[in-house]
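# Fold and contact review
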Amino acid sequence: MSGGGEAIRGCVLLVGAGGIAAPAALALAAAGVRELRVADDDQVELTNLHRQILFDDDDVGRPKLDAFAEALRRRFPGLRIDRRYGRFTPSAAAGLMPGVSVVVDATDNFASRFLIADVCRLTRTPVVHAAAIRWRATVMAVAGEGAPCYRCLFEDLPTGDAPDCATAGVAGPVCGVAGAIAADRALAILAGDASIFGRIATFDGRTDTLRSVPVSARPACDLCGSRAAIATIDASRYVVACAAESGSSIPVEGDRESGSPTHVEGDRESGSPTHVEGDRESGSSTHVETENDRESGSSTHLKTGEQDHG
């Protein structure tokens, strides 16, 4: 398989290499997407195989990214896969975004989803949030400017323990449906179709019912509302499972209304500022560089990802 039709321009970032990301990647590559960036830090487990369709018994114990990339390249030799080993954390996120046209959030915990939602809003990057648990799948596409965004629907992280695939289980085919819908939404975004924003798709595997309902923008939303309060990526805002970092927040500067460049400053490891630049309104590319990179001329290397992604 070499992919269908003409090549589709744009890089899709998959956060996760599990049960949702696998069918999404297959659909994207078959449709003509030629560049994927995939972030993950987990290994293949035997109990995952019923839903993680790119892996088999021989992959158990291997890094998911390696098995994921090899399986895709066997099917699509021309596909470029940029592997990013590690977690999607607040300080790492800035280095993951340059050149990305759309993000597919294939994680399985709320902390990661809120972090991804916040980073995408502050960098004006469209994102597709996809989730699957038990017999239910949900997918929501969000424009770079939000309105509505993920926080319009779910205001903040839930208190207490929240169920995920590891604790509540998931039917394998439901992950496939979530991945297929997520790929459909990502392809629509790459094609410039804005009609998919502002709705959430819900699939019930027990009744075989797929619904699409509108989501209203929330004027008081902290992320995309008229008086948005979230202008930084602060590690304390997210639980330890997602943002295992401590220290000061990463200030984000930029004019949300005009779409002017957004700057994320503060490299926790080196102390040098990191700048995330990109005007989503004008269509210019997003560029990430650090002070050290500007002196050496090298590009930023990021290792980021997530744990178990459905």
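An account of the accompanying structure is given in this report.

Quick notes on the rules
Residues numbered from 1 in each chain as written. Predicted model: local features only at pLDDT ≥ 70, side-chain atom pairs only at ≥ 80, totals over all residues. Heavy atoms only, no water. Buried < 20%, exposed > 50% of the residue type's maximum accessible area, 1.4 Å probe, protein only. Helix = DSSP H or I, 4+ residues; strand = E, 2+ residues; numbered from the N terminus. Pairing = 2+ DSSP bridges. Core = buried A, V, L, I, M, F, W, Y, C linked by side-chain atoms within 4.5 Å. Salt bridge = Lys/Arg side-chain N within 4 Å of Asp/Glu carboxyl O. Axes fitted to C-alpha atoms, helices over the stretch in contact; angles between N-to-C directions. Contact = heavy atoms within 4.5 Å. Phe/Tyr/Trp six-rings, centres within 6.5 Å; stacked < 30°, edge-to-face > 60°. Expected span 1.5 Å × (residues − 1). Parallel < 35°, antiparallel > 145°, perpendicular 65-115°, else oblique. Left-handed = near helix turned anticlockwise from the far one by under 90°.

Now for the pairing of strand 5 (residues 127-133). Burial of strand 5 is extensive: 6 of the 7 residues sit out of reach of the surface. Bridge analysis of strand 4 (residues 100-105) against strand 5 gives 3 bridges, and the strand direction is parallel. In the strand pairing of strand 5, Val103 is matched with Val127. Sheet topology places strand 5 next to strand 6 (residues 136-142); 7 bridges connect them, and they run antiparallel. Paired with Ala131 across the two strands is Thr138, which belongs to strand 6.

Okay, the environment of Asp208 next. Of note, Asp208 is situated in the loop between strand 7 (199-204) and strand 8 (209-214). Given a relative accessible area of 62%, Asp208 falls into the exposed group. Separated by 73 residues in sequence, Asp208 and Trp135 have C-alpha atoms that sit 9.6 Å apart.

Leu14, Leu36, Phe68 and Leu72 are the most contacted members of the largest nonpolar core, which has 49 residues in total. Per element, the largest residue contribution to this core is 9 residues, and it comes from helix 7 (residues 172-190).

According to the stated counting rule, one finds 13 salt bridges in the structure shown. Linking Arg80 and Glu35 is a salt bridge whose minimum nitrogen-to-oxygen distance equals 3.8 Å. Separated by 45 residues along the polypeptide, Arg80 in strand 3 (residues 80-85) and Glu35 in strand 2 (residues 33-40) bring together distant segments of the chain. Asp82 is paired through a salt bridge with Arg84; the nearest N and O atoms lie 2.8 Å apart. Note on Asp82: relative accessible area 26%, which makes it partly exposed. A relative accessible area of 11% places Arg84 in the buried class. Linked by salt bridges that have partners in common, Arg37, Asp82 and Arg84 make up one network.

Across the sheet, which stays open at both edges, the 8 strands sit in the order 3-2-1-4-5-6-7-8 with mixed pairing between neighbours. Two strands lie at the open edges of the sheet, namely strand 3 and strand 8, each paired on one side alone. Pairs of neighbouring strands in the sheet enclose a mean axial angle of 15°, with direction left out of account. On the sheet, helix 7 packs against strand 1 (8-15), strand 2, strand 4, strand 5, strand 6, strand 7 and strand 8 and is oriented at approximately 170° with respect to strand 5.

The next thing to look at is the environment of Ala67. With respect to the element layout, Ala67 can be found in helix 2 (residues 64-75). Residues Ala67 and Leu54, spaced 13 residues apart in sequence, show a C-alpha to C-alpha distance of 7.6 Å. Setting aside residues no more than four positions away along its own chain, Ala67 makes contact with Val44, Phe55, Asp59 and Arg62.

Tallying each qualifying case throughout the model produces 3 aromatic pairs. Ring centres of Phe114 and Tyr150 lie 5.1 Å apart, and the angle between their planes is 70°; on these two criteria the pair is classed as edge-to-face. Taken together, the residues span a long stretch of sequence, with Phe114 in helix 4 (residues 110-122) and Tyr150 in helix 5 (residues 150-153) at a distance of 36 residues. Assigned by exposure class, Phe114 and Tyr150 land together as buried. Taking 5.1 Å as the distance between ring centres and 50° as the angle between the ring planes, the aromatic pair formed by Tyr150 and Phe154 counts as tilted. Its relative accessible area of 5% is what places Tyr150 among the buried residues. An aromatic cluster is defined as three or more aromatic residues linked by ring pairs; in this entry it consists of Phe110, Phe114, Tyr150 and Phe154.

Turning to helix 7, a few remarks are in order. If you check helix 7, its first and last C-alpha atoms are 27 Å apart, about what 19 residues at 1.5 Å a residue would give, namely 27 Å. Turning to helix 7, its buried residues are Gly172, Val174, Cys175, Ala178, Gly179, Ile181, Ala182, Ala183, Arg185, Ala186, Ala188 and Ile189. Among the structural elements, helix 1 (21-31), strand 4, strand 5, strand 6, strand 7 and strand 8 are those in contact with the buried residues of helix 7. Following helix 7 by one or two positions, Gly192 adopts a phi angle in the positive range, close to 80°.

All right, on to the packing of helix 1 against helix 7 then. Following both chains from N to C, one finds helix 1 and helix 7 inclined at 40°, their axes separated by 7 Å at the closest point. In terms of orientation, helix 1 and helix 7 fall into the oblique class. The handedness of the crossing between helix 1 and helix 7 is right-handed. On the side of helix 1, the interface is formed by Pro23, Ala24, Ala27, Leu28 and Ala31, while helix 7 contributes Cys175, Gly176, Gly179, Ala183, Ala186 and Leu187.

With 12 residues, helix 2 should cover 16 Å at 1.5 Å per step; its first-to-last C-alpha distance of 17 Å lies within 8% of that length. When helix 2 is considered as a whole, its buried residues turn out to be Lys64, Leu65, Asp66, Ala67, Phe68, Ala69, Ala71 and Leu72. At its buried positions, helix 2 is contacted by strand 1, helix 1, strand 2 and strand 3.

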